[in-house]
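Each chain, written out:
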Amino acid sequence: LAFRAENKLKVRQPLASITLSDDSLSGKTDLLDVLAAEVNVRRVFFDKNGEEVVLDLNLTKELKEEGMVRELARTIQGLRADAKYKMSDEIVLMVQAPDVLGNLIQRYSIQLKRMVNAKELKMTRSHKIDASKEIKIGDYKVWLGVRKI
């Protein structure tokens, strides 16, 4: 976490890989999966000749987009809590965003809806909401609203 903070990378921002010099976990798939999930990396590598721990900080377009979607999901989960929804409550998610971010949200709509238990995604602002918030994701301002079905 400290390394991420030093490099201004949010915990929800996935990274491509981590390289470890200690190969004692090599072949232990279950433990490597837990490590990758906890550190939020896609792959774990081993290099006995390298530094003890090296995170790959190169953010591809895909990794940046995934980080934005996770940030949106975190905010939407906060809106669900503000509205006092139960985990099982299905919602309509409303989003007003610039085209670039709107297109990203639509490309990831299936995953985003699954993450926040949204039955429907509407790319419009509405006053028929239970909770809303305006946030900044990357360089873009986005308005989010939720309504229970």
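Quick caveat: nothing in here was measured; it's all calculated off a predicted structure.

Trainee: I'd like a rundown of the overall build of the protein, residues and numbers included.
Mentor: Along its length, the protein carries five helices and seven strands. In sequence order, the protein lays out its α and β elements as α-β-α-β-β-α-β-α-α-β-β-β. In terms of overall dimensions, the protein has C-alpha extents of about 60 × 30 × 25 Å along its principal axes. Out of the 149 residues belonging to the protein, those deemed buried represent 35%. Contacts in the protein between residues at least 24 apart in sequence constitute 72% of all its contacts with a sequence separation of at least 6. Here the protein has roughly 9500 Å² of accessible surface; of this, 49% comes from carbon and sulfur atoms. Treating the 27 positive side-chain charges of the protein as one cloud and the 22 negative ones as another, the clouds have centres 9 Å apart.

Trainee: Quick one: what's the story with the pattern of salt bridges, residue by residue and with numbers?
Mentor: In the structure shown here, the tally under the stated rule is eleven salt bridges. We note a salt bridge from Lys148 to Asp89, for which the minimum N-O separation is 3.7 Å. Note that Lys148 is positioned in strand 7 (residues 140-148) and Asp89 in the loop between helix 3 (61-82) and strand 4 (91-96), a separation of 59 residues in sequence. Its salt-bridge partner being Arg125, residue Glu134 comes within 3.8 Å of it at the nearest N-O pair. Look at the salt bridges and you will find they share partners, linking Arg42, Glu62, Glu66 and Arg70 into a network.

Trainee: Which residues make up the sheet that holds strand 6 (residues 131-137), and what are the values?
Mentor: Taken together, the four strands give an open sheet; going across it, the order is 5-4-7-6, and neighbouring strands pair in mixed fashion. Whereas interior strands pair on both sides, the edge strands pair on one side only; in this sheet they are strand 5 (118-122) and strand 6. The average angle at which neighbouring strand axes cross in this sheet is 25 degrees, direction not considered. Across the sheet, helix 3 lies against strand 4, strand 6 and strand 7, angled at about 155 degrees from strand 6, the strand it touches most. Set on the sheet, helix 4 (residues 99-107) makes contact with strand 4, strand 5, strand 6 and strand 7; between it and strand 7 the angle comes to about 45 degrees.

Trainee: So what's going on with the side chain of Asn40? Which residues, and what values?
Mentor: Checked against the element boundaries, Asn40 lands in the loop between helix 2 (29-39) and strand 2 (41-46). Given the relative accessible area of 11%, Asn40 is considered buried. Within polar-contact distance, the side chain of Asn40 engages the backbone oxygen of Val11 at 2.9 Å. When residues no more than four places from it in sequence are discounted, the contact partners of Asn40 are Arg4, Val11, Arg12, Gln13, Pro14, Leu15 and Arg70.

Trainee: Break down the sheet that holds strand 1 (residues 15-20) for me, with residues and values.
Mentor: Read across the sheet, three strands follow the order 2-1-3 without closing on themselves; strand pairing throughout is mixed. Each edge of the open sheet is held by one strand with a lone partner, namely strand 2 and strand 3 (53-55). Looking at each pair of strands side by side, their axes are set apart by 20 degrees on average, direction ignored. Both strand 1 and strand 2 contribute to a ladder of five bridges, which runs parallel. From the neighbouring strand, Ile18 faces strand 2, where its bridge partner is Val44.

Conventions we followed
Residues numbered from 1 in each chain as written. Predicted model: local features only at pLDDT ≥ 70, side-chain atom pairs only at ≥ 80, totals over all residues. Heavy atoms only, no water. Helix = DSSP H or I, 4+ residues; strand = E, 2+ residues; numbered from the N terminus. Buried < 20%, exposed > 50% of the residue type's maximum accessible area, 1.4 Å probe, protein only. Contact = heavy atoms within 4.5 Å. Areas by Shrake-Rupley, 256 points an atom, 1.4 Å probe, with all protein chains shown as cover. Lys, Arg positive; Asp, Glu negative; His and termini not counted. Charge placed at Lys NZ, Arg CZ, Asp CG, Glu CD. Salt bridge = Lys/Arg side-chain N within 4 Å of Asp/Glu carboxyl O. Pairing = 2+ DSSP bridges. Axes fitted to C-alpha atoms, helices over the stretch in contact; angles between N-to-C directions. Polar contact = N/O pair within 3.5 Å; in protein donor to acceptor, adjacent residues only side chain to side chain.

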